[in-house]
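Chain by chain, the residues run as shown.
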Amino acid sequence: MINKNALKLKKGILNLLLYLFLIGISAFMVLPFVWMLSTSFKYPPDIFGFPPQIIPRNFTWENYTFIFQEKNLIRVLINTFTISSLSTLLSLFFTTLGGYGFAKFDFPLKKLLFSLLLATMIIPGAVMMVPSFVIMRELGWVDTFLPLIIPGAANAFGIFFFRQYISTLNDELMDAARVDGASEFMIFIRIILPIISPGMVSLGLIFFMASWNNYLGPLIYLKSPSNWTITLAINALIGGAGLTYWGPQMAMSVISLIPLLIIFLVFQKRFSEGITAGAIKG
Amino acid sequence: MKKARWAYVFISPFYILFAIFGLYPMLLSLYLSLTRWKGVGPMEFAGLVNFGLIPKDRVFWQSMMNGIILFGLYVPILLFLALTLAVILNSGRIKGFRIFRTIIFLPFITNMVAAGFSFRILLEKQNGLFNMLLRIFEIPSVPWLENIWWARISLSLLIIWAWLGYNMVIMLAGLQTIPRDLSEAALVDGATPIQAFFRITVPLMRPVILFCLITSTIGSFGLFAEVTTLTLGGPANATITPLIRIYGVAFSSYQFGYASALAYTFFALIFLLTVFQFRLNREQT
């Protein structure tokens, strides 16, 4: 009896420690968000005021009105949204098409072509930075959205992902459509795409997030402020001579998070699938 | 063989785009690395002069060193924490499992510009939140961003914050592929949970851990926004990364030829490091 109670107590203590550990980690994860939000509602003197205020004593919307009125935030958001959605849609189209080609067809040099595709994934972006810029300038694409949409549109990871996904599908439906005289492209549009739409959501979310959060790409290619994306706009709020508009900068950071936060909370399960698909393939 | 022709059409966009925006730039870069070129005006052929300059490029080697130091600072902690959290959340004894997983994953969807500046506010020397909290407990304030080693630690904190959830989710998915009864059987046989963790879970999770290790390796040399927003590469270049060095040579000094030579050297070094990690893993199993 005593022994059983001791065991129970031991288990209870272990559980308590586990919860404390989880709560500690979670607090560290949440803290920067809380402070970002809090700072975005503060007047400059309160931002580094002692003692720290989590809920600002002098609450203000000033930082938000400033970024919308003075910093053209609407335009920035439209730019970011345009680039992210166009690159996501285009990427989804080309990667599903490529994945379908590799999954359901036999053709000469298939193995070699697929190995080549996988090999391109190890090339780090750093190697491409300078020559890509030179090429984009030749094409007249600098300070347009095209360098951020076109080159990544048929990326190897996506094709790899959809090849895995499509190769598990049964051939019967496709064969039936072929008998009915449907063209290969129509089979892809009418039969394959609807079946793989959950996978398209998973990967589309990853594409959208990567594009929305991209910093180095826009930094290299987008020159005029009217073309800026959200990450560039946040970065630009660091003023001259060490002056930083901390309040507006945090307000803009909060805004930059909202779309992804909503998408993430709604599609959490699909999101995790997109993340883990590349890592866990046995 | 009508079908085969269609397959080539379907896969061709990748190869066309890769030829224009991948292969061609790489070859161009190889050529550029043999020239002196400011990005505009005449290109001057320079042979291997650019590569000859690299051994003496202190900032570049410092940046490679920083990559290794950062790797040593955050990777063991990151992977250990991620695996521990995954095991705890996978154990089935935690209520509110989903809430914890969601919270820990949130930083991953945050852009690093917003994250870096938030950390800079938290770590500010005079009245950043961290130092204010220390002051309440009468602990002297820490020069988070002003001292070489503290700056590296601060950067590691940001990286662990940003990547813990990603690695945890991957490890969780990995754990779901290994049979749960194995560690349970060990526990019944009298092994402590810690023994079961190191003797059973870790070896079975080896491929997943390797995946996380390799992504982290490549990641620690390719940090960019994290550094430019939090530490600006300083103090004394202590947190500058190879990617920032190459960007600076290219787009601040406009030495396109030299930047290309640096980029190729960097690529070769990272490639060797990755192969080395794979080898090390194979030898141990």
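Analysis parameters
Residues numbered from 1 in each chain as written. Chains lettered and ligands numbered in written order. Predicted model: local features only at pLDDT ≥ 70, side-chain atom pairs only at ≥ 80, totals over all residues. Helix = DSSP H or I, 4+ residues; strand = E, 2+ residues; numbered from the N terminus. Buried ≥ 20, exposed ≤ 12 C-beta atoms within 10 Å, placed from the backbone. Contact = placed C-beta atoms within 7 Å. pLDDT = per-residue confidence, 0-100. Nonpolar A, V, L, I, M, F, W, Y, C, P; charged D, E, K, R; others polar. Domains from an automatic or database assignment.

Quick word on the overall build of chain B
A count of helices and strands for chain B gives 13 helices and two strands. With respect to the three principal axes, the spread of C-alpha positions in chain B is 75 × 75 × 35 Å. Burial statistics for chain B: of 285 residues in total, 43% are counted as buried. In chain B, the share of contacts with a sequence separation of at least 24, taken over all contacts with a separation of at least 6, comes to 67%.

Examining the overall build of chain A
Looking only at helices and strands, chain A has 14 helices and zero strands in total. Overall, chain A shows an N-to-C arrangement of helices and strands of α-α-α-α-α-α-α-α-α-α-α-α-α-α. Over its C-alpha atoms, taken along the principal directions, chain A stretches across nearly 75 × 75 × 35 Å. Looking at chain A residue by residue over its 282 residues, the buried ones come to 41%. Expressed as a percentage of contacts within chain A between residues at least 6 apart in sequence, the contacts between residues at least 24 apart total 75%.

Here's the deal with the confidence of the model for chain B
Residues and elements named next belong to chain B. Residues at a pLDDT of 70 or more form 99% of chain B, whose mean pLDDT is 89. When mean pLDDT is taken per element in chain B, helix H5 (residues 112-122) scores highest with 95 and helix H8 (residues 181-188) scores lowest with 78. The ipTM for the predicted assembly is 0.91, set against a pTM of 0.92.

Notes on the interface of chain B and chain A
With 74 residues of chain B at the interface, the matching set in chain A holds 66 residues. Counting residues per element, the side of chain B that touches chain A draws most heavily on helix H1 (residues 2-32) of chain B, at 19 residues. Split by residue class, the side of chain B that touches chain A holds 58 nonpolar, 13 polar and three charged.

Here's the deal with the domain arrangement of chain A
Residue and element names in this part refer to chain A. Taken domain by domain, chain A comprises domain 1 (2-60) and domain 2 (63-277). The gap between the C-alpha centroids of domain 1 and domain 2 is 35 Å. Tallying the contact residues gives eight residues for domain 1 and seven residues for domain 2. For the side of domain 1 that touches domain 2, the elements supplying multiple residues, two or more each, are helix H1 (2-40) and helix H2 (44-47). In terms of residues, the side of domain 1 that touches domain 2 owes the most to one element, H1, which gives four residues. Considered class by class, the residues forming the side of domain 1 that touches domain 2 number four nonpolar, three polar and one charged.

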